[in-house]
Amino acid sequence: MSKAMLIDTDFCLGCNACTVECKRNNGVPVGQGIAWTRIEEVEVGTYPNVIKYFIKRACNHCTEASCMNVCPTGAISKPDGVHVVINQDWCIGCGYCAAACPFGIPHFGEPKGSAQKCMFCYVGGLVDGQTACAAACPFGAITFGERDDLITRGHQRVEQLRRRGKANANLYGEYELGGLNVLYVLADRPSVYGLPEHPQVATRNLLGSWLSGVLTAGVVAALPFWLLFRRRQELAAKEISEGGE
Amino acid sequence: MEATTMWGWPIWVYLWAAGVAGGGYFATFLANLFSGRRHKELLQIATWIGVPLVLLGSLLLVIDLGNPFWAWHLFVGFRPLSPMSLGSWILLLWSITAVAMIALWFAEAFEPAEQPTGVFARVASWLQPLAPATEILAWIALVLAVLLITYTGVLLSNTSHLLWATVLLPVLFVVSATSTGMAATLLVSILMGKEISHDFGRAGAILAVLEVLALVSFLVTVPSGVLVTGPLNVWFWVGVVLIGLLVPFGLELWSLRAKAQGVLVLASTLCVLFGGLVLRAVVVIGGQV
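Reading guide: rules and limits
- Sequence order as written defines residue numbering, which begins from 1 separately in each chain.
- Written order decides the labels, with chains lettered from A and ligands numbered from 1.
- This being a predicted model, a pLDDT of at least 70 is required before a residue's local features are given, and a value of 80 or more before pairs of side-chain atoms are given or counted; all residues contribute to the totals for chains, interfaces and linings.
- Only heavy atoms go into the side-chain values, all of them from the structure, while hydrogens and water stay out.
- Secondary structure elements are taken from DSSP: a helix is a run of H or I of four residues or more, a strand is a run of E of two residues or more, and numbering for both begins at the N terminus.
- Computation of the radius of gyration draws on C-alpha atoms alone. For the globule rule, the value is 2.2 Å times the number of residues to the power 0.38.
- The contact rule is simple, with two residues in contact once any of their heavy atoms fall within 4.5 Å.
- Surface exposure here means Shrake-Rupley accessible area, sampled with a 1.4 Å probe, where a residue is shielded only by the protein chains that are shown.
- Counted as positive: Lys and Arg. Counted as negative: Asp and Glu. His and the chain ends are not counted at all.
- By convention, the charge on Lys lies at NZ, on Arg at CZ, on Asp at CG and on Glu at CD.
- In this description, a line fitted to the C-alpha atoms serves as the axis of each element, helices being fitted only across the stretch in contact, and the angle between N-to-C directions of two axes falls anywhere from 0 to 180 degrees.
- Note on angle classes: values under 35 degrees are labelled roughly parallel, values over 145 roughly antiparallel, values of 65 to 115 roughly perpendicular, and the remainder oblique.
- If you view the pair so one helix is near and one far, a crossing is left-handed when the near helix is turned anticlockwise from the far one by less than a right angle, and right-handed when it is turned clockwise.
- Residue polarity is assigned by list, with Asp, Glu, Lys and Arg as charged and Ala, Val, Leu, Ile, Met, Phe, Trp, Tyr, Cys and Pro as nonpolar; anything else, Gly included, falls into the polar class.
- Residues enter patches when their relative accessible area tops 30% and they take part in no salt bridge; the joining distance is 9 Å for like charges and 5 Å for the nonpolar side chains Val, Leu, Ile, Met, Phe, Trp and Tyr.
- The salt bridge definition used is simple: a Lys or Arg side-chain nitrogen within 4 Å of an Asp or Glu carboxyl oxygen.
- Here the term buried applies to any residue with accessible area under 20% of the maximum for its type, exposed to any over 50%, and partly exposed to those in between, with areas from a 1.4 Å probe on protein chains only.
- Definition of a polar contact: a pair of N or O atoms within 3.5 Å, with one able to donate and the other able to accept a hydrogen when the atoms are protein atoms, and with sequence-neighbouring residues admitted only if both atoms are side-chain atoms.
- Side-chain rings of Phe, Tyr and Trp (the six-membered ring for Trp) are treated as a pair once their centres are within 6.5 Å; stacked means planes under 30 degrees apart, edge-to-face means over 60, and tilted covers the remaining angles.
- A ring has a charge above it when a Lys NZ or an Arg CZ is no more than 6 Å from the ring centre and no more than 35 degrees off the ring normal.
- To estimate how far a helix should reach, multiply one less than its number of residues by 1.5 Å.
- A residue's bend is given by the angle between axes fitted to the 7 residues ending at it and the 7 residues starting at it.
- When two components associate, each loses some accessible surface as probed by a 1.4 Å sphere; the sum of these losses over both components is called the buried area.

1. Concerning the overall build of chain B
For step 1, the next point in the chain: Along the backbone of chain B there are ten helices and zero strands.
For step 2, the next point in the chain: Listed by position from the N terminus, the elements making up chain B come as α-α-α-α-α-α-α-α-α-α.
For step 3, the next point in the chain: Taken over the C-alpha trace, chain B has a radius of gyration of 20 Å; the compact-globule value for 289 residues is 19 Å, and the two agree within 12%.
For step 4, the next point in the chain: The long-range share in chain B, meaning contacts at least 24 apart out of those at least 6 apart in sequence, stands at 75%.
For step 5, the next point in the chain: For chain B, the accessible area works out to roughly 12,000 Å², and carbon and sulfur atoms hold 75% of it.
For step 6, the next point in the chain: In chain B, 10 side chains carry a positive charge and 11 a negative one; their mean positions are 5 Å apart.

This is the structure in structure tokens:
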């Protein structure tokens with residue numbers, strides 16, 4: 001059993017109470033372009049048939065965490081085995097986690113410094129027994145709880161949305177990347193919200209990419225040298241032996 | 001979702017520099033090996049220019065960090081799953097090996113009679129008994145050079161940027177590193193007034209063909225519109241394809257027949273080096289658009 005969050009986008013009105021409480025609770029700097037969580041607006045359709053969705057953007061605490069795999073210093077870890085935390089006193093700010101994250105979440109401020117993202121309130125501590133954003137949300141759009149319970153609840157909400165005519169409603173995060181620890185009730189396809197339909201672990205081709213490069217060097221790029229310089233050597237050897245006879 | 005960080009010019013200049021360093025060593029090692037050790041001087045030149053290039057590249061990497069003074073954290077642990085961790089160790093070990101080889105070559109060639117009492121003479125006399133180790137070091141450096149040029153592609157391909165996330169990127173970067181590295185070595189040796197074997201022109205032409213094949217297979221497997229038709233298309237077609245591949249291919253073939261061979265090879269090396277730099281630039285920038 002592990003703690004997770006359920007983001008119910010159908011309940012989110014984009015008030016940014018979560019953004020503000022996250023900053024307060026975790027001491028996130030203000031005015032440096034840093035936000036461990038933030039709200040993004042998505043507009044679908046054309047006037048007069050427009051729907052506006054709000055989606056909370058923050059780390060999804062993937063079970064198969066690309067950022068943790070690629071981090072060169074070990075600054076990214078899962079202290080409790082579930083939630084992904086960046087040790088900001090060890091992170092060198094190389095940006096690899098930002099390039100690897102399937103959701104584009106880790107980011108840098110100005111000045112650049114260490115990578116920034118949600119730590120599941122590991123840094124600031126829980127507020128009233130839950131994450132700061134969940135505690136702050138006035139609409140019940142962010143629920144903190146046991147992951148299994150949230151999945152059950154999420155499926156119920158998706159059913160409700162479908163009955164209301166949202167045929168594409170779905171629960172996002174149950175299986176993606178080994179299971180996200182932030183789940184989403186979406187009223188439409190994930191791509192509508194800017195979420196990847198089929199997120200993949202950045203290091204899925206780790207061995208393949210090393211092998212393809214090394215084999216290219218050993219076989220393909222070495223070929224012209226083997227063809228040309230070996231032949232020249234043989235010609236020279238032949239000339240010497242013929243000259244000697 | 002927008003890219004949250006930009007890997008800017010220090011990164012693509014670094015990828016190019018590391019490729020030139022490792023590729024130059026790789027190419028000249030093979031030429032020397034297959035020719036029965038007749039190109040040792042080129043191998044030495046490649047090693048000589050590789051060390052400052054790797055140092056320059058590493059310096060660019062460090063200044064691009066958010067916390068540059070913590071760069072040493074890279075060498076506290078060894079994390080083989082992280083291409084950047086492995087790459088940092090490869091850079092460090094290749095540089096150390098190359099510097100050791102340069103020192104041993106120096107000791108080997110040193111004539112004590114010229115300067116019997118100086119510091120150099122003492123260092124050379126310490127090192128001279130170790131000179132046979134150069135052969136072993138040269139093979140170690142070869143392995144590290146292959147890993148180094150592969151790593152520049154692996155670094156980018158293990159991300160979530162669609163243009164980069166393919167095993168064909170290391171293939172492309174390895175071929176490009178070999179040809180740019182060879183070009184840099186030839187450039188320096190021509191400037192030093194040395195004669196260049198026609199075989200290097202031929203090898204360059206074959207590498208250009210191989211690079212075209214690698215480039216085409218890369219472009220058809222990734223969403224490459226940003227390079228081919230998008231905002232970077234002029235840089236791609238003029239910088240990478242025309243100046244980096246077609247022009248040097250023509251110059252290399254021409255140099256096999258022409259009298260002014262040196263000038264043509266010189267021009268082709270400059271084109272190859274420029275094209276290799278633009279290739280790194282458009283791939284790094286294009287992946288983050």
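2. Regarding the packing of helix α2 (residues 40-63) of chain B against helix α3 (residues 83-109) of chain B
Residues and elements named next belong to chain B.
For step 1, the next point in the chain: Axis separation between α2 and α3 bottoms out at 10 Å; the angle between their running directions is 140°. Judged on the interaxial angle alone, α3 and α2 are oblique. Where α2 crosses over α3, the handedness of that crossing is left-handed. Contacts from Lys40, Leu43, Gln44, Thr47, Trp48, Gly50, Val51, Val54 and Ser58 of α2 reach α3 at Leu91, Trp94, Ser95, Ala98, Val99, Ile102, Trp105 and Glu108.
For step 2, the next point in the chain: Partitioning the contact of α2 with α3 into residue classes produces ten nonpolar, five polar and two charged.

3. Comments concerning a nonpolar patch on the surface
For step 1, the next point in the chain: A cluster of nonpolar side chains, namely B:Val234, B:Trp237, B:Val238, B:Leu242, B:Leu246 and B:Val247, defines an oily patch on the protein surface of about 520 Å² accessible area.
For step 2, the next point in the chain: By the element assignment, B:Val238 lies in helix α9 (residues 233-255).

4. A word on the environment of B:Glu135
Residues and elements named next belong to chain B.
For step 1, the next point in the chain: Structurally, the position occupied by Glu135 is in helix α5 (residues 133-157).
For step 2, the next point in the chain: On the accessibility criterion, Glu135 (39% relative accessible area) is partly exposed.
For step 3, the next point in the chain: Placed 34 residues apart in sequence, Glu135 and Met101 show a C-alpha to C-alpha distance of 8.9 Å.
For step 4, the next point in the chain: A polar side-chain atom of Glu135 sits 2.9 Å from a polar atom in the side chain of Arg37.

5. A word on the packing of aromatic side chains
Aromatic rings considered in pairs are described by the distance between their centres and by the relative angle of their planes.
For step 1, the next point in the chain: Counting across every chain of the model gives 13 aromatic pairs over all chains.
For step 2, the next point in the chain: Here A:Tyr53 and A:Tyr193 contribute two aromatic rings whose centre-to-centre distance is 4.9 Å and whose plane-to-plane angle is 35°, an arrangement assigned as tilted. Residue A:Tyr53 is located in strand β3 (residues 51-58), and its partner A:Tyr193 is located in the loop between β8 (182-186) and α6 (206-221); the two are separated by 140 residues in the primary sequence. Across this residue pair, the class does not change: A:Tyr53 and A:Tyr193 are buried.
For step 3, the next point in the chain: Taken together, a centroid distance of 6.3 Å and an interplanar angle of 65° make the contact between A:Tyr172 and A:Tyr184 edge-to-face. Here A:Tyr172, found in strand β7 (residues 170-172), pairs with A:Tyr184, found in strand β8; they are twelve residues apart in sequence, far enough to count as distant. As far as the burial class goes, A:Tyr172 and A:Tyr184 line up, both buried.
For step 4, the next point in the chain: Members of the aromatic cluster, joined through ring pairs, are B:Tyr25, B:Phe29, B:Trp94 and B:Trp139.
For step 5, the next point in the chain: Above the ring of A:Phe108, the side-chain terminus of A:Lys112 is found at 5.6 Å from the ring centroid.
For step 6, the next point in the chain: Positioned above the aromatic ring of A:Trp226 is the side chain of A:Arg230, whose terminal nitrogen or guanidinium carbon lies 3.8 Å from the ring centre.

6. Quick word on α6(A)
Residue and element names in this part refer to chain A.
For step 1, the next point in the chain: The end-to-end C-alpha distance of α6, which contains 16 residues, comes to 21 Å, matching closely the 22 Å that a straight helix rising 1.5 Å per residue would cover.
For step 2, the next point in the chain: The largest bend in α6 comes to about 25°, at Leu215.
For step 3, the next point in the chain: Within the span of α6, buried status applies to Leu206, Ser209, Trp210, Ser212, Gly213, Thr216, Ala217 and Ala221.

7. A look at the interface of chain B and chain A
For step 1, the next point in the chain: Of the residues lining the interface, 60 residues belong to chain B; the matching set on chain A comes to 61 residues.
For step 2, the next point in the chain: Summing both sides of the interface, chain B and chain A together bury roughly 5,000 Å²; the carbon and sulfur share of this comes to 66%.
For step 3, the next point in the chain: Along the contact surface separating chain B from chain A lie zero salt bridges.
For step 4, the next point in the chain: Scanning the region where chain B abuts chain A turns up 18 residue pairs in polar contact (both at pLDDT 80 or more).
For step 5, the next point in the chain: Within the residue set of the side of chain B that touches chain A, elements represented by two or more residues are α1 (9-34), α3, α5, α6 (168-191) and α7 (198-221) of chain B.
For step 6, the next point in the chain: Residues of the side of chain B that touches chain A, tallied by class, amount to 37 nonpolar, 17 polar and six charged.

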